[in-house]
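This is what each chain is made of:
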Amino acid sequence: MTLPKPIKFRVERYIGGLSQFKKVDNPIKLSANESALGPSPKAIQAFENDKNKIFKYPESDSSSLREVLAEKFNIDSKRIICGSGSDQIFDLTCRLFLEPEDEVIVTEFGFIMYGIYTLQHKAKVVLAKEKNFKASVDEILKKVTNKTKIVFIANPNNPTGTYLSKDEMLNLRKRLKSNILMVVDDAYFEFLYSDDFTSGLELFKDFTNVLVTRTFSKIYGLAGLRLGWGYSSKEIIDAMYQIKPPFNVNRAALAAGVEAIKDEGWINKAIEYNTLWSKKIFSVLKEYNIKVNEPTTNFFLINFGEKKISSDKIFEKLASKRLILRKMTQYKIPNALRLTIGNKKANEHFIQSIGSILK
Ligand SMILES: Cc1ncc(COP(=O)(O)O)c(C=O)c1O
């Protein structure tokens, strides 16, 4: 009997942050850059309020959320598309632009989903070298050919926690050919305050060849509802609507997302919390002479390069103390782990535990 035969994809699967390791009791997940404080109580209330309506389809075009986003960020709601996570926006982007033989430039340690979607859409991933775990405009430009369709860049980037300055981002856009789409992933921008940094949305609001993506999974604490959005020219967004699944954002996500965006007090609290703890954890790691990114996001890439003890061993030792970090094997970053800033108890436990392992 011949069986239905799916196409073979030359793509590795995304390996998400582990929630458990060797059945430790009460594991503390610090492996997925989820929010330390969780969502706004108003978002949770909106989620609850909608529960009797889940037999009804959601809006097909996320119009209620788009209106709120347009108002908050002073942008045109017709240039916004919402997705089931910003992840879906990357998928739609690749589907919209890529044909076999096309090339997509991603940086050496850029967020791995860009490459995965590129390959799923049968195009070629071209890696641009980074310098000291930071993207380089010159290296990206060196990789441009006539086949380049898209350049993806997360700013700040996951998992490296480094970022390109406002000038570097503008310079990159200026020097890239105008027909190459630049995708700027703002997933972690809320956590970063620096004079030389500006979010993708602020920088490229008026551009027609940039797509900015944002997510509700990080500072908004709604990772489980899967909600993100993209902003680009009307032409690109219209074309995405043409191919998006009909009810791609669920009711709960829309209801919670609207309230999460409105609750600025909660977001400020989350930013303040993250700033406080990222500084604390950074100074502790520095005390142990560990190479780590500056506090720019809600996570740290901890590089144990010069330590005698390997990152695998440290992973296991931390796991035995219930702390689950992210291995960097899929990113091919040797001897490193990524730590997400957790709640107060988790952070204190981490500081104490890493101290006892490294002393
Ligand atoms: C840089 C970056 N972009 C996007 C995402 C995915 O976000 P979402 O949950 O909206 O799909 C992540 C998640 O870890 C990320 O690190």
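All figures in this text were calculated on a predicted structure; none of them were measured in a lab. Per chain, residues are indexed from 1 in the order of the written sequence. This being a predicted model, a pLDDT of at least 70 is required before a residue's local features are given, and a value of 80 or more before pairs of side-chain atoms are given or counted; all residues contribute to the totals for chains, interfaces and linings. As a rule here, side-chain values cover all heavy atoms of the structure and leave hydrogens and water aside.

Asks: I'm lost on the sheet that holds strand E11 (residues 291-292) in this one. Help?
Replies: In a beta sheet, neighbouring strands are held together by backbone hydrogen bonds and run either parallel or antiparallel to one another. The rule for pairing is simple: two strands pair if DSSP sees at least two bridges between them. Secondary structure is summarised from DSSP: a helix means a run of H or I of at least four residues, a strand means a run of E of at least two, and numbering begins at the N terminus for each. The four strands are arranged E11-E12-E15-E14 in an open sheet whose pairing can be described as antiparallel. With partners counted over all chains shown, the strands left at the sheet margins are E11 and strand E14 (326-327), one partner each. Both strand E12 (residues 299-303) and strand E15 (residues 336-340) contribute to a ladder of five bridges, which runs antiparallel. Each residue of the ladder has a partner; that of Phe299, found in E15, is Thr340. Two residues qualify as a contact provided that any one of their heavy atoms is within 4.5 Å of a heavy atom in the partner residue. Between N-to-C directions, angles span 0 to 180 degrees; the directions come from axes that are lines fitted to C-alpha atoms, helices contributing only their stretch in contact. Relative to the sheet, helix H10 (residues 264-287) contacts E11, E12 and E15, its axis offset from that of E12 by approximately 5 degrees.

Asks: Would you mind showing me how to read the domain arrangement of the protein here?
Replies: How big an interface is tends to be expressed through the accessible area that disappears when the partners come together. Annotation of the protein at the domain level lists domain 1 (28-39 + 265-358) and domain 2 (41-262). Domain 1 and domain 2 are separated by 25 Å when their C-alpha centres are compared. Put simply, buried area is the surface a 1.4 Å probe can reach on two separate parts but cannot reach once they are joined, added for both. Buried surface at the junction of domain 1 and domain 2, both sides included, amounts to about 2200 Å², of which 68% is carbon and sulfur. When residues of domain 1 are sorted by the area they lose upon contact with domain 2, Pro39, Thr296 and Tyr331 head the list and together hold 30% of the total. By definition, a salt bridge exists where a carboxyl oxygen of Asp or Glu is found within 4 Å of a side-chain nitrogen of Lys or Arg. Across the domain 1-domain 2 interface, the total number found is zero salt bridges. Where each domain starts and ends comes from a domain assignment, either automatic or drawn from a database.

Asks: What is the right way to look at the environment of Phe90 in this model?
Replies: Inspection of the secondary structure assignment puts Phe90 in helix H3 (residues 86-97). Think of it in three bands: with a 1.4 Å probe and only protein chains considered, a residue is buried below 20% of the maximum accessible area for its type, exposed above 50%, and partly exposed in between. For Phe90, a relative accessible area of 1% corresponds to the buried category. Sequence separation between Phe90 and Ile354 is 264 residues; the distance between their C-alpha atoms is 36 Å. Setting aside its immediate chain neighbours within four residues, Phe90 contacts Phe111, Tyr114, Tyr117, Phe152, Asp185 and Thr213.

Asks: Sorry if this is basic, but what is going on with the pattern of salt bridges here?
Replies: Proximity of charged atoms lets side chains of opposite charge pair with each other. If you walk through the whole model with that rule in mind, you get 17 salt bridges. Across the pair Lys149 and Asp102 runs a salt bridge whose closest N-O atoms are separated by 2.7 Å. Residue Lys149 is located in strand E7 (residues 148-154), and its partner Asp102 is located in the loop between H3 and strand E3 (103-107); the two are separated by 47 residues in the primary sequence. Lys149 sits in the partly exposed class, given a relative accessible area of 23%. Classification of Asp102 by relative accessible area gives buried; the value is 10%. Note that Asp186 and Arg214 form a salt bridge whose closest N and O atoms lie 3.0 Å from each other. With Asp186 in the loop between strand E8 (181-185) and helix H7 (200-204) and Arg214 in strand E9 (residues 210-215), the pair connects residues that are 28 residues apart, well separated along the chain. Classification of Asp186 as buried rests on a relative accessible area of 1%.

Asks: Looking at this structure, how should I read the site of the ligand?
Replies: As a matter of local geometry, the ligand sits amid 14 residues, with Ser86, Asn158, Asp185, Thr215 and Ser217 nearest to it. Polar contact is the term for a pair of N or O atoms within 3.5 Å; when the atoms are in protein, one must be able to donate a hydrogen and the other to accept it, and sequence-neighboring residues count only if both atoms are side-chain atoms. Backbone polar atom of Ser86 to an oxygen atom of the ligand: 2.7 Å apart, as the coordinates give it. Within the contact set of the ligand, an oxygen atom lies 2.6 Å away from a side-chain nitrogen or oxygen of Asn158. Among the elements that line the shell around the ligand, the one with the most residues is H3, at three residues. A single heavy atom is enough: if one lies within 4 Å of a molecule or strand, its residue is considered near that molecule or strand.

Asks: Sorry, what's going on with the packing of aromatic side chains here?
Replies: Centre distance and the angle of the planes are the two values used to describe a pair of aromatic rings. In summary, the pairing rule links any two rings of Phe, Tyr or Trp, Trp by its six-membered ring, whose centres are within 6.5 Å, and it sorts them by plane angle into stacked for under 30 degrees, edge-to-face for over 60 and tilted for everything else. Following the criterion strictly, the structure yields 14 aromatic pairs and no others. With a centroid separation of 5.5 Å and an interplanar angle of 80 degrees, the aromatic rings of Phe111 and Tyr114 are classed as edge-to-face. The burial state of Phe111 is the same as that of Tyr114; both residues are buried. Judged by centre distance (4.9 Å) and plane angle (40 degrees), the rings of Phe216 and Tyr220 are tilted. Judged on exposure class, the residue Phe216 and its partner Tyr220 are both buried. Three or more aromatic residues joined by ring pairs form one cluster here, namely Tyr14, Phe90, Phe111, Tyr114 and Phe152. Here, a charge over a ring means that NZ of Lys or CZ of Arg falls within 6 Å of the ring centre while also lying within 35 degrees of the ring normal. When the ring centre of Phe73 is taken as origin, the NZ or CZ atom of Arg214, which lies over that ring, is 4.9 Å away.

Asks: What exactly am I supposed to notice about helix H6 (residues 166-175) here?
Replies: Residues of H6 that are buried include every one of Met169, Leu172 and Arg173, and no others. Projected down its long axis, H6 carries its buried residues within an arc of 95 degrees, all on one side. Opposite its buried face, H6 presents the exposed residues Asp167 and Lys174, each directed more than 90 degrees away. Comment: arc refers to directions from the helix axis out to C-beta atoms.

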